[in-house]
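Chain residues, written in single-letter form:
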Amino acid sequence: MKAIAVFPQQKQIRLIDHPAPALASPTDVKLRIIEVGVCGTDKEICAFEYGTPPPGEDHLVIGHESLGEVVEIGPGVKRVKRGDLVVPMVRRPCPHKECLACQEGRQDFCYTNDFTERGIKERHGFMTEFVVDDERYMNVVPAELRDVGVLVEPLTIAEKAITQIWQVQQRLPWACPLEPGKPAGYCHRAVVLGAGPVGLLGAMALTVSGFETYVYSREERPNPKADLVESFGAKYISSTTTPVEQLAGQIGNIDVVYEAVGASSLAFAVIEQLGMNAIFVFTGVPGRKAPIEVDTDRLMRNLVLKNQVLFGSVNASREAFEAAINDLGIFMKRWPKAVRGLITGRFAMDAYSDLLLGKAGGIKNVITISH
Ligand SMILES: [Zn+2]
Ligand SMILES: [Zn+2]
């Protein structure tokens, strides 16, 4: 079968012929892959910044944002059936008994760093025709989400973050007064940094949770991303016309910042704009650049005197996948055009080099493997 693989030692990316996987245990499930999303992580792997082949192999099949259809199940499979659409999870637990997180099925919080990730770290990914994995990593997607199901994995980043925001803020009397018909966050304001797919999906999730949501990004209005943001009820602010120092002045008390750009200088400038009892979630992974200056006295004073919390969040649990599938259904009922508008290009497998070596623009590009 065909697969897109990186060969880190030879610094090559190739469309290869790869052996098709077969069921190996009673709880294994075989998927025919329909679509695979391309993200910054894939591009970094293709720039050979990271990405590790399975032990003993010279190549890694990439791809971790996927949608597949179940074509075969082992005799012990209970959670999925043939014909189901599924999105597989990405991270697999480490083997260590002392890792409390992996032992509990929460490898998104692995303590040892010896986890593996499909398409990223020591396990082949999903940019291929067929995939086999245990049913415990499969998440069923309703058939009506077929054309947008590939967005589930990038949405899990926001879902895990939002779950933790509520958990962290249980330390405070932060719950909005109960108002029938209003979602939980209606009395709070959230700022999303970045208008890429992770930021836009996060903005949709925060909007559904009731937050008055702002997307802060470079490009001046009008632009297609600003139009998209406004089409689902969030507000767009350009950093070109509103410098960071004016952000809180323009918005009011910022209760949540959801960072989705991976630019640390911007992130730390925005931290200074955080409001009382606020929370800042980092999800981006910056490349290493020269150190920058940060006013640490001011930062620390604010953290203490304003009861602020900063935290980072990576990867996602089964619960986050389920929340993402549920929210994607809500997004599609409310804003089908905006959700479909996030997928700006569909390409065949042999267009991989344009997509992975960074020439293709748009918001989210996907590779269509089968129909
Ligand atoms: Zn990704
Ligand atoms: Zn672990």
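Read on for a plain summary of the structure. (Residues numbered from 1 in each chain as written. Chains lettered and ligands numbered in written order. Predicted model: local features only at pLDDT ≥ 70, side-chain atom pairs only at ≥ 80, totals over all residues. Heavy atoms only, no water.)

Some details on the sheet that holds strand E13 (residues 212–217)
Heads up, the condition is: The rule for pairing is simple: two strands pair if DSSP sees at least two bridges between them. In this text, helices come from DSSP runs of H or I with a minimum length of four residues, and strands from runs of E with a minimum of two, each type numbered from the N-terminal end. Note on geometry: axes are C-alpha line fits, over the in-contact stretch for helices, and angles between N-to-C directions span 0 to 180 degrees. In what follows, residue pairs with any heavy atoms lying within 4.5 Å of each other are defined as contacts.
One open sheet accounts for 6 strands, arranged E14-E13-E12-E15-E16-E17; its pairing is parallel. The two strands at the open ends of the sheet, each matched to only one other strand, are strand E14 (235–238) and strand E17 (309–312). Looking at each pair of strands side by side, their axes are set apart by 20 degrees on average, direction ignored. One ladder, built from 4 bridges, connects strand E16 (residues 274–282) with E17; its direction is parallel. Paired with Ile279 across the bridge in E17 is Val309. The sheet strands contacting helix H4 (residues 197–208) are strand E12 (189–193), E13 and strand E15 (254–259), and the helix crosses E12 at an angle near 170 degrees.

Here we look at the layout of surface pockets
For clarity, the cut-off: Cavities and pockets are found on a 1 Å grid laid over the protein atoms alone: a cavity is a set of points where a 1.4 Å probe fits but cannot escape, a pocket is an open set with protein on both sides within 12 Å along at least five of seven lines, and a lining residue has an atom within 4 Å of such a point. Grid points are joined across faces, edges and corners, and a volume is the space filled by probe spheres set on the points. Residues are grouped as follows: Ala, Val, Leu, Ile, Met, Phe, Trp, Tyr, Cys and Pro are nonpolar; Asp, Glu, Lys and Arg are charged; every other residue, Gly included, is polar.
Its boundaries defined by the atoms lining it, the second largest pocket holds a volume of some 320 Å³. Lining of the second largest pocket is provided by 20 residues; of these, Pro21, Arg118, Arg123, His124 and Val132 occupy positions nearest its centre. Looking at which element gives the most residues to the lining of the second largest pocket, the answer is strand E10 (residues 130–134), with 5 residues. For the lining of the second largest pocket, a count of residues per class yields 9 nonpolar, 5 polar and 6 charged.

Side note on the state of the cysteines
Rules: Cysteine sulfur atoms that come within 2.5 Å of each other are treated as a disulfide pair. Summary of the burial criterion: residues with accessible area below 20% of their type's maximum are buried, those above 50% are exposed, and those between are partly exposed, where the area comes from a 1.4 Å probe applied to protein chains only.
Tallied over the entire structure, the rule returns 1 disulfide. Covalently, Cys176 is tied to Cys187 through a disulfide, its sulfur atoms 2.1 Å apart. The S-S bond linking Cys176 to Cys187 shows a torsion near -90 degrees; that makes this disulfide left-handed. Of this pair, Cys176 sits in the loop between helix H3 (152–168) and E12 while Cys187 sits in the loop between H3 and E12, placing them 11 residues apart in sequence. Here Cys187 falls in the partly exposed class, since its relative accessible area comes to 38%.

Examining the coordination of the zinc ion (ligand 1)
The textbook angles at a metal center are 109.5 degrees for a tetrahedron of four donors and 90 or 180 degrees for an octahedron of six. This is how it is decided: Only nitrogen, oxygen and sulfur atoms count as donors, using a 2.8 Å cut-off from the metal that widens to 3.2 Å for Na, K and Ca. Water is left out, so coordination shells may look unfilled.
For the zinc ion (ligand 1), the full set of protein donor atoms is Cys39 (SG), His64 (NE2) and Glu65 (OE), at a range of 2.1 to 2.2 Å. For the zinc ion (ligand 1), the donor residues sit on a single chain with the sequence spacing C-x24-H-E. In this pair, Cys39 is assigned in the loop between strand E3 (28–38) and helix H1 (40–46) and His64 in the loop between strand E4 (60–61) and strand E5 (65–73), connecting sequence segments 25 residues apart. Each member of the pair, Cys39 together with His64, is buried.

Focus: the coordination of the zinc ion (ligand 2)
Inclusion rule: Square planar and octahedral sites, with four and six donors, are those where opposite donors lie more than 155 degrees apart and all other angles lie between 65 and 115, tetrahedral sites have four donors with every angle between 85 and 135 degrees, and the rest are irregular.
Binding of the zinc ion (ligand 2) to the protein goes through Cys94 (SG), Cys99 (SG), Cys102 (SG) and Cys110 (SG), at separations of 2.3 to 2.4 Å. Every donor counted, the 4 donor atoms about the zinc ion (ligand 2) form angles of 104 to 117 degrees at the centre, which fits tetrahedral coordination. Given the relative accessible area of 7%, Cys102 is considered buried.

Digging into the nonpolar core
Filter applied, for reference: Among the buried residues, those of types Ala, Val, Leu, Ile, Met, Phe, Trp, Tyr and Cys that are joined through side-chain atoms within 4.5 Å form a nonpolar core.
Counting 59 residues, the largest nonpolar core has Phe232, Leu328 and Phe331 as the members making the most contacts within it. If you look at the next biggest cluster of nonpolar residues, it comprises 28 residues, including Val29, Ile62, Val131 and Ile367.

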